[in-house]
Amino acid sequence: MTTQEVGDRARRPSGGHRPRHGSPTIRQVAAAAGVSRATASRVINGGELVSDQARAAVEAAIAQLGFRPNPMARGLARGRTGSIALVVPEPNSRVLSDPFFAETIVGLSASLEAHELQMVLLLARAGGRTERIVQFLAGGHVDGAIIASHHRDQALDEAVQELELPCVFIGRPLGIGRASYVDMDNVLGARVATEHLLASGRRRVGTVAGPGDMSAGIDRLRGWQEALTAAGLPTDAVETGDFTTEGGEAAARRLLTAHPDIDGLFVASDLMAAGALAVLAKDGRRVPQDVAVVGFDDLGFAETTDPPLTTVAQPVTQIAERAGEMLQGILSGLQPEPASELFPPRLVRRASA
């Protein structure tokens, strides 16, 4: 027996018990397995060039000692940071006021936690702030990125494609040819909302659409148009908002001024619908008797409007969680790129329609 083997045996725990003080270390795992620290490290971090006998000994020692790898150290050994960026191209004020982003953070956090990954929140709207986000992503600080609330943005879009950073979008991206994403079926959701208004007898249905530089705005407008066209009704009553209450109020005011005969209104988000309800109330128009209103999202806010809002439910938490799982699959080599997944819509009926 060599001096090293004697030393290893002397340090090896006896009787199958774990070390008395603190968590077991990789050095103790190596000693218990009778191998070098380098060999133990290769087994723990999934490396090659390890014999089956040594691998079995290390795995037995891990089980015996109750060893758990340090995620940060394991990431460094694999060339990983253990961090994922959540990129939100929106100003701070909107992120704090829109429940969409809170639900996104909750869902993504749950997904990443299951894989011992940390989330880094990056907020950017345009110009210089977008450039700083790009520099951060290019600096090797994160293993991948989730991009939510994507606007068509030339600088960010080009950077995402050039960096070749593993990336998944929450919402179908614009301006990017090959991309993985998870989204609602926004076209179908808007069609279901509009058909509900038509089924209730409305024949002059307008819409407050979302921004034209976002797929959600484009797709929800398309669904509204498809439903009206199929019914042989006009599609001229359109105004665009920015997915905020203030933007919805301004757009609804323009819409009602241009088309005072509206008796139904599909609004592309619940926050904008709240603004539209305020305009209708100021005009003395009863909801739903004079104008029926349907929103989109159902993130808790719709239950508090007056009257409570009929809306299309968007499972944002589940969408964000699935996006995190998809990114983890890309990082581990199990998820082919690009991939996409759409969640089906569900109409939630309340008093507004």
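Residues numbered from 1 in each chain as written. Predicted model: local features only at pLDDT ≥ 70, side-chain atom pairs only at ≥ 80, totals over all residues. Heavy atoms only, no water.

Visitor: Which residues make up unusual backbone geometry, and what values do they have?
Guide: That bond from V287 to P288 is cis: its omega, 10°, falls within 30 degrees of zero. With respect to the helices, strands and loops of the structure, P288 is situated in the loop between α13 (270-282) and β9 (292-297). One non-glycine residue with positive phi stands out, namely E116, at about 55°. Within the fold, E116 resides in the loop between α7 (99-113) and β2 (118-123). You can call E116 partly exposed: its relative accessible area is 42%. (Helix = DSSP H or I, 4+ residues; strand = E, 2+ residues; numbered from the N terminus. Buried < 20%, exposed > 50% of the residue type's maximum accessible area, 1.4 Å probe, protein only.)

Visitor: Outline the pattern of salt bridges, listing residues and values.
Guide: It is possible for side chains of opposite charge to pair when their charged atoms get near one another. Applying the stated criterion across every chain yields a total of 13 salt bridges. Of the charged contacts, one joins E226 and R191 as a salt bridge, the two residues approaching to 2.5 Å between their closest N and O atoms. Within this pair, whereas E226 is found in helix α11 (residues 215-230), its partner R191 is found in helix α10 (residues 186-199), the two being separated by 35 residues in sequence. The class of E226 is partly exposed, set by a relative accessible area of 27%. (Salt bridge = Lys/Arg side-chain N within 4 Å of Asp/Glu carboxyl O.)

Visitor: Go over the nonpolar core, please, and point to the residues and values.
Guide: Counting residues in each nonpolar core, the largest one holds 40 residues, and the members touching the most others are I84, I146, V168, I170, V182 and F266. At eight residues, helix α14 (residues 316-332) tops the list of elements feeding residues into this core. The residues touching I170, leaving out its near neighbours within four places in the chain, are F100, T104, I146, I147, A148, S149, V182, I319, A320 and A323. Core analysis: the second largest hydrophobic core is formed by 24 residues, M214, V267, V293 and L309 among them. (Core = buried A, V, L, I, M, F, W, Y, C linked by side-chain atoms within 4.5 Å. Contact = heavy atoms within 4.5 Å.)

Visitor: Pulling in residues and values, what's your account of empty space enclosed by the protein?
Guide: Taken as a whole and assessed by the stated rule, the structure comprises three cavities of 30 Å³ or more. Empty space within the largest cavity amounts to approximately 270 Å³. Along the wall of the largest cavity there are 19 residues; nearest its centre are F100, M214, A216, R220 and F243. In terms of residues, the lining of the largest cavity owes the most to one element, α11, which gives three residues. (1 Å grid on protein atoms, 1.4 Å probe; cavity = no way out; pocket = protein on both sides within 12 Å on 5 of 7 lines; lining within 4 Å. Points joined across faces, edges and corners; volume = space filled by probe spheres on them.)

Visitor: Describe the side chain of T194, listing the residues and the values that go with them.
Guide: Topologically, T194 is positioned in helix α10. Excluding its chain neighbours within four sequence positions, the residues that come into contact with T194 are V205, W224, A227, L228 and F266.

Visitor: Which residues make up the packing of aromatic side chains, and what values do they have?
Guide: Applying the stated rule across the entire model yields two aromatic pairs. Here F266 and F296 contribute two aromatic rings whose centre-to-centre distance is 6.4 Å and whose plane-to-plane angle is 65°, an arrangement assigned as edge-to-face. Residue F266 is found in strand β8 (residues 264-267), and its partner F296 is found in strand β9; the two are separated by 30 residues along the sequence. Directly above the aromatic system of F296 lies the positively charged group of R220, at a separation of 3.8 Å from the ring centroid. (Phe/Tyr/Trp six-rings, centres within 6.5 Å; stacked < 30°, edge-to-face > 60°. Lys NZ or Arg CZ within 6 Å of the ring centre and 35° of its normal.)

Visitor: Report on the pairing of strand β10 (residues 310-313), specifying residues and quantitative values.
Guide: Bridging between β9 and β10 involves four bridges; their strand directions are parallel. Paired with D297 across the two strands is A313, which belongs to β10. Where β10 lies against strand β12 (residues 346-348), three bridges are found, and the strand directions are antiparallel. Residue pairing across strands places V312 opposite L347, the latter belonging to β12. (Pairing = 2+ DSSP bridges.)

Visitor: Residue-level account of the sheet that holds β12, with values.
Guide: Strand pairing within a sheet occurs via backbone hydrogen bonds; the two strands may be parallel or antiparallel. The sheet built from six strands is open, its strands ordered β7-β6-β8-β9-β10-β12 with mixed pairing. What marks the edges here is a single partner per strand, and that holds for β7 (238-240) and β12. Shown here is a sheet whose adjacent strand axes are inclined to one another by a mean of 20°, direction ignored. With three bridges connecting them, β8 and β9 associate as parallel partners. Among the inter-strand pairings, F266 is bridged to a residue of β9, identified as V294. Here α11 sits on the sheet and contacts β6 (205-209), β7, β8 and β9; the angle it forms with β6, its principal contact strand, is near 170°. (Axes fitted to C-alpha atoms, helices over the stretch in contact; angles between N-to-C directions.)

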